[in-house]
Amino acid sequence: QVQLVESGGGLVQAGVSLRLSCAASGRTFSSYAMGWFRQAPGKEREFLAAIDWSGGLTRYADSVKGRFTISRDNAKNTVYLQINSLKPEDTAVYYCAAKNTDFIKRYYYTVPEYDYWGQGTQVTVSS
């Protein structure tokens, strides 16, 4: 059993930056691939970024590439999402997700493939 807790969201002005955090329980965190998603009201959950268990491989949605950065600190059982130059269209609930990969190469997954999800953190961007 793994618990994921997101934090770092809030109400911000367009153009500023945020760093979201996802703290995970469990001593096997280092074997989990991690992902970030977001969901706006009435919309499907949208893939943003993924990172492998070692932190050496990353993948981004085309819509956020160059502006979002995913990273992890396995010693702290935490994954991060750095968001720069926030736009009003970034307004959504941001979720982190974990998949137990048993140290395999694959590190990006679809929504139903992830094993665990956090409760989400709200990001609201005003103009």
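No experiment lies behind these values; they were computed from the predicted model shown.

Cut-offs used in this document
Residues numbered from 1 in each chain as written. Predicted model: local features only at pLDDT ≥ 70, side-chain atom pairs only at ≥ 80, totals over all residues. Heavy atoms only, no water. Buried < 20%, exposed > 50% of the residue type's maximum accessible area, 1.4 Å probe, protein only. Helix = DSSP H or I, 4+ residues; strand = E, 2+ residues; numbered from the N terminus. Pairing = 2+ DSSP bridges. Axes fitted to C-alpha atoms, helices over the stretch in contact; angles between N-to-C directions. Disulfide = S-S within 2.5 Å. Contact = heavy atoms within 4.5 Å. Polar contact = N/O pair within 3.5 Å; in protein donor to acceptor, adjacent residues only side chain to side chain.

Q: Tell me about the pairing of strand β11 (residues 121-126), and please be specific about residues and values.
A: Side-chain alternation along β11 places T121, V123 and V125 on a buried face and Q122, T124 and S126 on a face that remains uncovered. Pairing of strand β2 (residues 10-13) with β11, which is carried by four bridges, proceeds in the parallel orientation. From the neighbouring strand, L11 faces β11, where its bridge partner is T124. Across three bridges, the pairing between strand β9 (residues 92-100) and β11 is antiparallel. Pairing of Y94 across the sheet is with T121, part of β11.

Q: Can you tell me about the sheet that holds strand β8 (residues 78-83), naming the residues and giving the values?
A: Overall, antiparallel pairing links the four strands, which are arranged β1-β3-β8-β7 in an open sheet. Every other strand in the sheet has two partners, leaving β1 (4-7) and β7 (68-73) as the edge strands with one partner each. On average, each strand axis in the sheet is tilted by 15° relative to the strand beside it, whichever way the strands run. Bridge count between β7 and β8: six bridges; the pairing is antiparallel. Looking at the pairing, S71 lines up with Y80 of β8.

Q: Explain the state of the cysteines residue by residue, including any values.
A: Applying the stated criterion across every chain, the model contains one disulfide. A sulfur-sulfur distance of 1.9 Å marks the disulfide that ties C22 to C96. Residues C22 and C96 share a disulfide whose torsion about the S-S bond is about 50°; that sign makes it right-handed. Taken together, the residues C22 in strand β3 (residues 18-24) and C96 in strand β9 connect sequence positions 74 residues apart. The exposure class assigned to C22 is buried, which follows from its relative accessible area of 0%.

Q: Could you give an account of the environment of D73, naming the residues involved and the relevant values?
A: As for its placement among the helices and strands, D73 is situated in strand β7. According to the relative accessible area criterion, D73 is partly exposed, its value standing at 25%. In the structure, D73 is positioned 22 residues away from Y95 in sequence and 17 Å away in space, judged by C-alpha atoms. Once residues within four sequence positions are removed from consideration, D73 is found in contact with F29, T78 and Y80. A polar contact of 3.1 Å, which involves the side chain of D73, links it to the backbone nitrogen of A75.

Q: Quick rundown of unusual backbone geometry? Include the residues and the values.
A: Of note, N77 is a non-glycine position whose phi angle comes to about 55°, a positive value. Of note, N77 is situated in the loop between β7 and β8. Although it is not a glycine, S85 adopts a positive phi angle of roughly 50°. Along the chain, S85 falls in the loop between β8 and β9. Overall, S85 belongs to the partly exposed group, its relative accessible area being 38%.

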